[in-house]
Amino acid sequence: MRLILPTFAKLNLTLRVVNKRPDGYHNLVSTFKKIASGDVLYISDSTAGIDIVNANIPLKGENIVTKALRIAREEGFKIPPLNVKIHKSIPPGSGLGAGSGNAAAVLKLFGAERVAAKVGADVPFLCSGLDMAMVSGIGDHIERVKQHDIHGVIAIPNWETNTKTAYEELDSLGYEVDIMLARTESRDIYHANAGKRVGLLPNDFLKILMKSHPKYNELFRMFDRAGADCWGVTGSGSSAFCVLKESVKFDWPDYVKHVLYF
């Protein structure tokens, strides 16, 4: 068996962390947009008889593809030992869930989508056939929404964020978000498509990110001057994005190391 699998990532157009659960996970409400990641998996049978997973960008800890394979087998799926080479286009710590997209591609290959929630919060959506959705709970509640033809640009800076650390910092601040308000905010993205400029979209990690990296203000001003309908950060960072009605050429500052159009 030799396969080449393209994979997807996600954009959090909005993100509210509602509360911390007794099990240590967090309930959230977010509008997810599926985007092409540029990541590619090269999969073949492993002649070594064990899983071999590597990438052109060094992997830290248990790679999420290895985790997905382990959990799928524990749940009874018959998956042979694999050799998986991952060509990464999106760096880790960008808030785009590209690693989750890698895991989702493997689960879908073996029909193991039902274990997605056990692998990671972004994986169920990336296993779904939806382009946009309102995602809540720990990422396991996915609601189909009216899909809009949204286009824009994502700026990936030369810093990265650690999701676990970001949640710990957010917990230390204390918060309580009304879930109905979060759902209403999640739907505000659609107003941009009706000709209304929404501006900065809500993301509860933004206060933490702005404290460490005030350069986000410069990016947001660029998006505003370009006439973007809305803008913000995705996930727990680090990427910033904007939604545009038409293509715009930006003069990016030197700390933006990758640019991705969607």
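Residues numbered from 1 in each chain as written. Predicted model: local features only at pLDDT ≥ 70, side-chain atom pairs only at ≥ 80, totals over all residues. Heavy atoms only, no water.

1. Side note on the pattern of salt bridges
Piece 1. Applying the stated criterion to the full structure yields 16 salt bridges.
Piece 2. Lys-10 serves as the salt-bridge partner of Asp-122, at 3.8 Å between the closest nitrogen and oxygen. One end of the pair, Asp-122, is in the loop between helix H3 (116–119) and helix H4 (123–127); the other, Lys-10, is in strand E1 (residues 2–20), with 112 residues separating them in the sequence. Neither Asp-122 nor Lys-10 differs from the other in exposure class; each is buried.
Piece 3. One salt bridge in this structure joins Glu-143 and Arg-183, with 2.8 Å as the shortest N-O distance. One end of the pair, Glu-143, is in strand E6 (residues 141–144); the other, Arg-183, is in helix H6 (residues 179–187), with 40 residues separating them in the sequence.
Piece 4. Taking relative accessible area as the criterion, Arg-183 reaches 17% and is therefore assigned buried. (Salt bridge = Lys/Arg side-chain N within 4 Å of Asp/Glu carboxyl O. Helix = DSSP H or I, 4+ residues; strand = E, 2+ residues; numbered from the N terminus. Buried < 20%, exposed > 50% of the residue type's maximum accessible area, 1.4 Å probe, protein only.)

2. Details of the nonpolar core
Piece 1. Formed by 61 residues in total, the largest nonpolar core has its most connected members in Leu-107, Phe-205, Leu-219, Phe-223, Phe-250 and Trp-252.
Piece 2. At six residues, helix H1 (residues 64–74) tops the list of elements feeding residues into this core.
Piece 3. When residues no more than four places from it in sequence are discounted, the contact partners of Phe-223 are Arg-197, Ala-228, Trp-231, Ala-240, Phe-241, Cys-242, Phe-250 and Trp-252.
Piece 4. One finds Leu-11, Val-177, Ile-189 and Leu-201 within the second-largest nonpolar core, a separate group that totals 24 residues. (Core = buried A, V, L, I, M, F, W, Y, C linked by side-chain atoms within 4.5 Å. Contact = heavy atoms within 4.5 Å.)

3. Regarding the side chain of Asn-12
Piece 1. Relative to the helices and strands, Asn-12 is located in strand E1.
Piece 2. The exposure class of Asn-12 is buried, given its relative accessible area of 2%.
Piece 3. Side chain to side chain, Asn-12 and Ser-30 meet in a polar contact 2.8 Å long.
Piece 4. Within the local environment of Asn-12, its side chain forms a polar contact with the backbone nitrogen of Gly-235, the two atoms lying 3.0 Å apart. (Polar contact = N/O pair within 3.5 Å; in protein donor to acceptor, adjacent residues only side chain to side chain.)

4. Considering the pairing of strand E3 (residues 52–55)
Piece 1. Relative to strand E4 (residues 82–87), E3 runs parallel, the two being bridged by four bridges. When the sheet's bridge partners are listed, Ile-52 is paired in E4 with Asn-83.
Piece 2. A crossover connection joins E3 to the parallel E4 through H1; in handedness this β-α-β unit is left-handed. (Pairing = 2+ DSSP bridges. Right-handed = clockwise from strand over helix to strand, strands pointing away.)

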